[in-house]
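# Inside the fold
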Amino acid sequence: MRVGLTTWKEREALLVVLIALHSYGVGMVLMFASGFAMRLGGWGDEGTWFFTRQGGVFHLIIATLYLLDYFRRDSILPIVLAKSVAVVFLFTLGALGEPWAVWFSGVVDGLMLVTVLGIRARCARADASG
């Protein structure tokens, strides 16, 4: 009986699911706990929650795209594109003075990007070696 994640492909699939779950979680918090999310991130309670909730909807859509593209086409392209853009965007805004949560999010997205690329490379090497 086989137990655990024994192949790089199984590990990659788990990682994609975890990345999607992260995005679903962020999306749900942004949509349904907008004030809490903004206060926690360092912005305060001012203004409308429209754009925070819109960001939440975006996270739900992109998480679904991650899963659909991976399990239908074996593609990590949506993750790579979204995380690459996010890292540049977040670090740029962080450098312009946004609160701590922007830097933190940039680091987390960067770690997800590097990890998914690294595991995809391991999958390719494993396929090449038989």
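Preceding this paragraph is the structure being described.
Rules of the game
Residues numbered from 1 in each chain as written. Predicted model: local features only at pLDDT ≥ 70, side-chain atom pairs only at ≥ 80, totals over all residues. Heavy atoms only, no water. 1 Å grid on protein atoms, 1.4 Å probe; cavity = no way out; pocket = protein on both sides within 12 Å on 5 of 7 lines; lining within 4 Å. Points joined across faces, edges and corners; volume = space filled by probe spheres on them. Helix = DSSP H or I, 4+ residues; strand = E, 2+ residues; numbered from the N terminus. Nonpolar A, V, L, I, M, F, W, Y, C, P; charged D, E, K, R; others polar. Expected span 1.5 Å × (residues − 1). Buried < 20%, exposed > 50% of the residue type's maximum accessible area, 1.4 Å probe, protein only. Contact = heavy atoms within 4.5 Å.

## Quick look at the layout of surface pockets
The calculated volume of the largest pocket comes to roughly 1100 Å³. If you trace the largest pocket, you find 33 residues lining it, with Val26, Leu30, His59, Leu90 and Ser105 closest to the centre. Broken down by secondary-structure element, the contributors of at least two residues to the lining of the largest pocket are helix H1 (8-32), helix H2 (34-41), helix H3 (50-73), helix H4 (77-95) and helix H5 (100-129). Residue composition of the lining of the largest pocket, by class: 23 nonpolar, 7 polar and 3 charged.

## Concerning H4
For H4, with 19 residues, the first-to-last C-alpha span of 27 Å sits near the 27 Å given by 1.5 Å per residue. Listed as buried for H4 are Pro78, Ile79, Val80, Lys83, Ala86, Val87, Leu90 and Gly94. Tucked into the core, H4 has its buried residues touching H1, H3 and H5. Of the residues one or two after H4, Gly97 is the one with positive phi, at around 105 degrees.

## What to know about the environment of Val107
Note that Val107 resides in helix H5. Given a relative accessible area of 43%, Val107 falls into the partly exposed group. Put simply, Val107 and Phe91 are 16 residues apart on the chain and 8.5 Å apart in space, counted from C-alpha to C-alpha.

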